[in-house]
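# Architecture at a glance
Spelled out from the first residue to the last, the chains are:
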Amino acid sequence: MTDLHIADVRVTPIAFADPPLLNNAGCHQPFALRSIIEVETEDGVVGLGESYGAAAVVEGIKAAGAAMVGRKVTDLNALWAAAQGGGRTEGYTGAEAVVPRVVAAIEVAMWDALGKATGQRVVDLLGGQVRERVPFSAYLFYKFGAHADGTTDDWGEALTPEGLVEQARKMVIQNGFKAIKLKAGVLEPEEEIAGLEALRAAFPDAPLRIDPNGGWTVETTLKLLPRLTGLVEYLEDPTAGLSENAQVQAATDIPLATNMYVVENAHLPSNMAQDAFRVILSDHHYWGGLMACRQLAHICDLWGLGLGMHSNSHLGISLAAMTHLAAATRNLTYDCDTHQPWQVDEVIEGGKLAFEGGSLAVPEGPGLGVTLDREALARLNQNYLACGYTKRDDATEMRKHWPDWTFGRPKF
């Protein structure tokens, strides 16, 4: 085997159909943006990655990728150096760091190329497989029955407890999920707790969790704690800010989880000092890749923090990377999040990865074990060029449905 040097890094922005799912920031647009990354070595091995599709991230990937040409496919330090200076971009949770997102996008493709070139799975390159299957949770959303442009989907409307239960039944029947998560911060909090209670009645043994995305005030959250105690396995980002969530955590034994306020190493010391969050929901897309999340898992192990895995709207390359990472992470405490059941498009050959009993096996074969469907890539790239989106904008989309809607974090 020749030295694995990088000959080319290609990034293709794509857009795929997304339902009108609701959250504290608004409503999903008809298309979700992603990018597909290809790292090709000098001997023709192509590694795959998948990341966000906002223009700032795509441009950052292009610039860092160009700087990586000629570097070894194992040179993660050079990748971090190449991505420096990316600054921040306005995203779903506010100003989001571009550098770790750029690093993660290319790093996964580098791992995939290394695995393919050496005949090893990514899970083995990350230290070895510690679980045969990776459990995922059902991810429920309040949603409209159709987009503002009239586009419909197979799920229908869900704005009531009854609608949530119907949605959950369908998702569990299709995928076998054991745990159930509700995206909240949309309706009045009492209505959302009523939705959780309806889910508990319908699924008496399912671990439940709720994520208001920082949409509740401290006062509202404290008032709701008696109804949540014994109902949820964790409470995710109930209010906005580290110190504010620390006030909530001090008042309850329910562990607070986050994927909003502890999202980089610099946040960890303050979190530990304040005992704000006891569960960290890792995400290789914004922590800086698979190696960074392995390091995060070690930190959580040292400090006794719970560990889960966050998801955004994604396709099969991302899901495969999540599965390899989770399968190599000994102290994964909770079933992982995934948006995959909501997606109808796919960019890997063979279609969507299939859940069995709510879990995924590590894809077979070297690297990530998935292959790019180039016909699908071309089609989804055309979607990107035609839709005109350059960034995610849930707020504008929401006002097409509810003109008087205003964003607030916290709001209720």
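A brief look at the structure comes next. (Residues numbered from 1 in each chain as written. Predicted model: local features only at pLDDT ≥ 70, side-chain atom pairs only at ≥ 80, totals over all residues. Heavy atoms only, no water.)

On a plain count of helices and strands, the protein chain comes out with 14 helices and 16 strands. Dimensions of the protein chain along its principal axes, counting C-alpha atoms only, are 60 × 50 × 40 Å. Counting across all 412 residues of the protein chain, residues that qualify as buried make up 60%. Contacts in the protein chain between residues at least 24 apart in sequence constitute 72% of all its contacts with a sequence separation of at least 6. Surface exposure of the protein chain reaches about 15200 Å², of which carbon and sulfur atoms provide 51%. Counting 33 positive and 52 negative side-chain charges, the protein chain places the averaged centre of each group 1 Å from the other. (Helix = DSSP H or I, 4+ residues; strand = E, 2+ residues; numbered from the N terminus. Buried < 20%, exposed > 50% of the residue type's maximum accessible area, 1.4 Å probe, protein only. Contact = heavy atoms within 4.5 Å. Areas by Shrake-Rupley, 256 points an atom, 1.4 Å probe, with all protein chains shown as cover. Lys, Arg positive; Asp, Glu negative; His and termini not counted. Charge placed at Lys NZ, Arg CZ, Asp CG, Glu CD.)

A word on the nonpolar core. Of all hydrophobic cores here, the largest spans 127 residues; its most connected members are Leu196, Ile210 and Leu228. By residue number, the principal contributor to this core is helix α3 (residues 98–118), which donates twelve residues. Non-local contacts of Leu228, meaning those with residues more than four positions away in its chain, are made with Ile193, Leu196, Ile210, Trp216, Leu235 and Ile254. (Core = buried A, V, L, I, M, F, W, Y, C linked by side-chain atoms within 4.5 Å.)

Moving on, we come to the sheet that holds strand β13 (residues 256–258). In space, the seven strands of this open sheet follow the order β9-β10-β11-β12-β13-β14-β15, with parallel pairing throughout. Two strands lie at the open edges of the sheet, namely β9 (138–141) and β15 (306–309), each paired on one side alone. Sheet twist, expressed as the mean angle between neighbouring strand axes with direction ignored, is 25 degrees. Relative to β9, helix α5 (residues 161–175) is tilted by about 150 degrees, and along the sheet it contacts β9 and β10 (180–183). (Pairing = 2+ DSSP bridges. Axes fitted to C-alpha atoms, helices over the stretch in contact; angles between N-to-C directions.)

Another aspect to go through is helix α13 (residues 374–387). In this model α13 runs 20 Å from its N-terminal to its C-terminal C-alpha over 14 residues, within 8% of the 20 Å that 1.5 Å per residue would give. For α13, the set of buried residues is Ala376, Leu377, Leu380, Asn381, Asn383, Tyr384 and Cys387. Along the axis of α13, the buried residues cluster in a sector spanning 150 degrees; they form a single face. Residues Glu375, Leu385 and Ala386 are exposed on α13 and point more than 90 degrees away from its buried face. Summarising the contacts, the buried residues of α13 are in contact with β1 (6–17) and β4 (31–41). Its side-chain oxygen placed 3.2 Å from the backbone nitrogen of Glu375, Asp373 serves as the N-cap of α13. (Expected span 1.5 Å × (residues − 1). Arc of directions from axis to C-beta. Polar contact = N/O pair within 3.5 Å; in protein donor to acceptor, adjacent residues only side chain to side chain.)

So, about the environment of Gln295. With respect to the helices, strands and loops of the structure, Gln295 is situated in helix α11 (residues 290–303). What makes Gln295 partly exposed here is its relative accessible area of 46%. When the C-alpha positions of Gln295 and Asn265 are compared, they lie 9.8 Å apart, and in sequence the two are 30 residues distant.

The next point concerns the layout of surface pockets. Quantified by volume, the second largest pocket comes out at close to 270 Å³. Lining the second largest pocket are 18 residues, and of these Pro19, Thr152, Asp153, Trp342 and Val344 sit closest to its centre. For the lining of the second largest pocket, the per-class residue count stands at eight nonpolar, five polar and five charged. (1 Å grid on protein atoms, 1.4 Å probe; cavity = no way out; pocket = protein on both sides within 12 Å on 5 of 7 lines; lining within 4 Å. Points joined across faces, edges and corners; volume = space filled by probe spheres on them. Nonpolar A, V, L, I, M, F, W, Y, C, P; charged D, E, K, R; others polar.)

Those residues of helix α7 (residues 218–228) that fall on the buried side of the exposure criterion are Val218, Thr220, Thr221, Leu224, Leu225 and Leu228. Projection of α7 onto a plane perpendicular to its axis shows the buried side chains occupying an angular sector of 150 degrees, all on one side. The outward face of α7, more than 90 degrees from its buried face, is lined by the exposed residues Glu219, Lys223 and Pro226. Along its buried surface, α7 packs onto α6 (189–202), β11 (208–211), β12 (234–236) and α8 (242–249). Of the residues trailing α7, Gly230 is marked for its positive phi of about 80 degrees.

Taken together, three strands build an open sheet; the order of strands is β1-β4-β5 and the sheet is antiparallel. Across the chains shown, the open sheet's two edge strands, defined by having one partner strand only, are β1 and β5 (46–52). For this sheet the average axis-to-axis angle between neighbouring strands, irrespective of direction, equals 20 degrees. Against the sheet, helix α1 (residues 55–68) makes contact with β1, β4 and β5, and its axis sits at roughly 165 degrees relative to β1, the strand it touches most. Against the sheet, α13 touches β1 and β4, its axis set at about 65 degrees to β1.

In total, this model carries one cavity of 30 Å³ or more according to the counting rule given. Computed from the structure, the largest cavity encloses a volume of approximately 40 Å³. As for the largest cavity, its lining consists of Ser282, Cys293, Ala297, Leu307, Met309, Leu325, Thr329 and Leu332.

Within the element layout of this structure, Thr220 appears in helix α7. Of the polar contacts made by the side chain of Thr220, one reaches the backbone oxygen of Phe412; its length is 3.1 Å. Setting aside anything within four residues of it in sequence, one finds Thr220 in contact with Pro189 and Phe412.

Attention now moves to the side chain of Asn213. Secondary-structure assignment places Asn213 in the loop between β11 and α7. Overall, Asn213 belongs to the buried group, its relative accessible area being 1%. A distance of 3.0 Å separates a polar atom in the side chain of Asn213 from a polar atom in the side chain of Lys183.

Moving on to the packing of aromatic side chains. Each aromatic ring pair is characterised by the separation of its centres together with the angle its planes make. Counted according to the given criterion, the structure contains eight aromatic pairs. Note on Trp155 and Trp342: the rings are 4.6 Å apart at their centroids and 45 degrees apart in plane angle, and the pair reads as tilted. Here Trp155 is found in the loop between β9 and α5, whereas its partner Trp342 is found in the loop between α12 (316–327) and β16 (359–361), with 187 residues between them in sequence. Each member of the pair, Trp155 as well as Trp342, carries the same accessibility label: buried. Summarising the aromatic geometry, the rings of Tyr261 and Phe277 are spaced 6.4 Å apart at their centres and angled 15 degrees between planes, so their arrangement reads as stacked. (Phe/Tyr/Trp six-rings, centres within 6.5 Å; stacked < 30°, edge-to-face > 60°.)

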